[in-house]
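Residue-level structure breakdown
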Amino acid sequence: MTMMVIRRVLMSIVLIFVSTLTIFVLMSLVPGDAAQTILGENATPQAVEYLRQQLGLDQPLWIQYANWVVGLFRGDLGTSIYSGEPVTKLVWARMGVTFSLMVGSTVAIAVLGIVVGLASALREGWVGRSIDAISLVGFALPSFWIAIVLVAVFAVGLRLFPATGYVPPAAGVGPWLNSLVLPVAALSLSGITVIAKQMRDSARKELERDYVRVLRSTGVSETRIVLLHVLRNASIPTTTLIGLMAVGALSGAVFIENVFVLPGLGSLVTSAATRQDLPVILGVGVAFTAIVILINLVVDVAYVSLNPKVRQSR
């Protein structure tokens, strides 16, 4: 287990450099000039060129990236070209919103998906067919469209939840959770249906295995068989899929935060992209990469814990 964690940490360093280099190269191909954007269309060429020199944008691309990497080793993600604020401060100020969305949606996907899928495997019949149909629909509908529908029904129509905005935990746990219900639901609904279908299929296979028949013949209660044996074994393939859903929730947060006007990393990188604020984009890229690495590490640890064969081979 320790060696696995060490390998993941070493791989994460490589992933951060690959992802940030990719972002840097792609942004260099985007037409436009950050200095021109800051000064406006009426700025003189001399003023634009002077600002480019001040911001270091006149240097070759490889020197700009090398300077950024040197700052990264010092824990400095640079300074926003547009606002002049430290990127580290901007990222940390918004990290809590995105992390709350991602964790909340992942928990909802895992818990509700497993419960619904397991119940479907035990009952079968119309419940299983309904989950299959809902899974197809849920997988096809984009999260931002679901978000708009939820706002129209539960915020505008029924007035149960706020349509936009975010309340920090310091203002109260109740208002904080209330502000997250609709965004988390929009991120979670499609994932819940996918996990439910996967869990139903896995649990069905486990219920048909010989060890279940042996346990039943020895008088072990059905509840004990399902919760201690079937659930554990069926959760092994489901765990990997939950990790993929968590990564998908992170990317979906970019759209959801803009729909619900949430001050998270998604809205930050969107505004930075329109302004060509490269240091902010790179900083958010580092944060997203670190979160994805953390998700994969948690999934690997959970997979090893659930599967004794993998634990022994390591």
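Residues numbered from 1 in each chain as written. Predicted model: local features only at pLDDT ≥ 70, side-chain atom pairs only at ≥ 80, totals over all residues. Heavy atoms only, no water.

To continue, consider a nonpolar patch on the surface. A cluster of nonpolar side chains, namely Phe99, Val103, Val107, Val111, Leu112, Val115, Leu294 and Val298, defines an oily patch on the protein surface of about 650 Å² accessible area. The leading source of residues in the nonpolar patch is helix H5 (residues 87-123), at 6 residues. When you line up the elements, Val103 lands in helix H5. According to the relative accessible area criterion, Val103 is partly exposed, its value standing at 33%. (Patch = residues over 30% accessible without salt bridge, like charges linked within 9 Å, V, L, I, M, F, W, Y side chains within 5 Å. Areas by Shrake-Rupley, 256 points an atom, 1.4 Å probe, with all protein chains shown as cover. Salt bridge = Lys/Arg side-chain N within 4 Å of Asp/Glu carboxyl O. Helix = DSSP H or I, 4+ residues; strand = E, 2+ residues; numbered from the N terminus. Buried < 20%, exposed > 50% of the residue type's maximum accessible area, 1.4 Å probe, protein only.)

The next subject is the pattern of salt bridges. Counted by the stated rule, this structure contains 5 salt bridges. Linking Glu206 and Arg209 is a salt bridge whose minimum nitrogen-to-oxygen distance equals 3.2 Å. Here the salt bridges share partners, and the residues they tie into one network are Lys197, Arg200 and Asp201.

Our focus in this paragraph is the packing of helix H7 (residues 143-157) against helix H10 (residues 222-259). A packed helix pair is summarised by two numbers, namely the angle formed by the two axes and the spacing between the axes. H10 packs onto H7 with a crossing angle of 30° between their chain directions and a minimal axis gap of 9 Å. Here H7 is positioned roughly parallel relative to H10, judged by the angle of their axes. Regarding H7 and H10, the two cross each other, and that crossing is right-handed. Mapping the contact onto sequence places Ser143, Phe144, Ala147 and Ile148 in H7 and Gly252, Phe255, Ile256 and Val259 in H10. For the contact of H7 with H10, the residue count by class is 6 nonpolar, 2 polar and no charged. (Axes fitted to C-alpha atoms, helices over the stretch in contact; angles between N-to-C directions. Parallel < 35°, antiparallel > 145°, perpendicular 65-115°, else oblique. Left-handed = near helix turned anticlockwise from the far one by under 90°. Contact = heavy atoms within 4.5 Å. Nonpolar A, V, L, I, M, F, W, Y, C, P; charged D, E, K, R; others polar.)

Here we take up unusual backbone geometry. Leaving glycine aside, a negative phi is the common case for residues, and trans is the common case for peptide bonds. Positive phi, normally seen in glycine, also occurs at Arg159, with a value near 55°. Locating Arg159 in the fold gives a position in the loop between H7 and helix H8 (173-207).

Another point: the nonpolar core. Formed by 31 residues in total, the largest nonpolar core has its most connected members in Trp68, Val91, Leu265, Val280 and Val284. Only helix H1 (2-28), helix H4 (61-73), H5, H10, helix H11 (265-275) and helix H12 (278-306) provide two or more residues apiece to this core. Among the elements that take part in this core, H12 stands out by supplying 12 residues, more than any other. Of all hydrophobic cores here, the second largest spans 17 residues; its members include Leu101, Ile146, Leu180 and Ala253. (Core = buried A, V, L, I, M, F, W, Y, C linked by side-chain atoms within 4.5 Å.)

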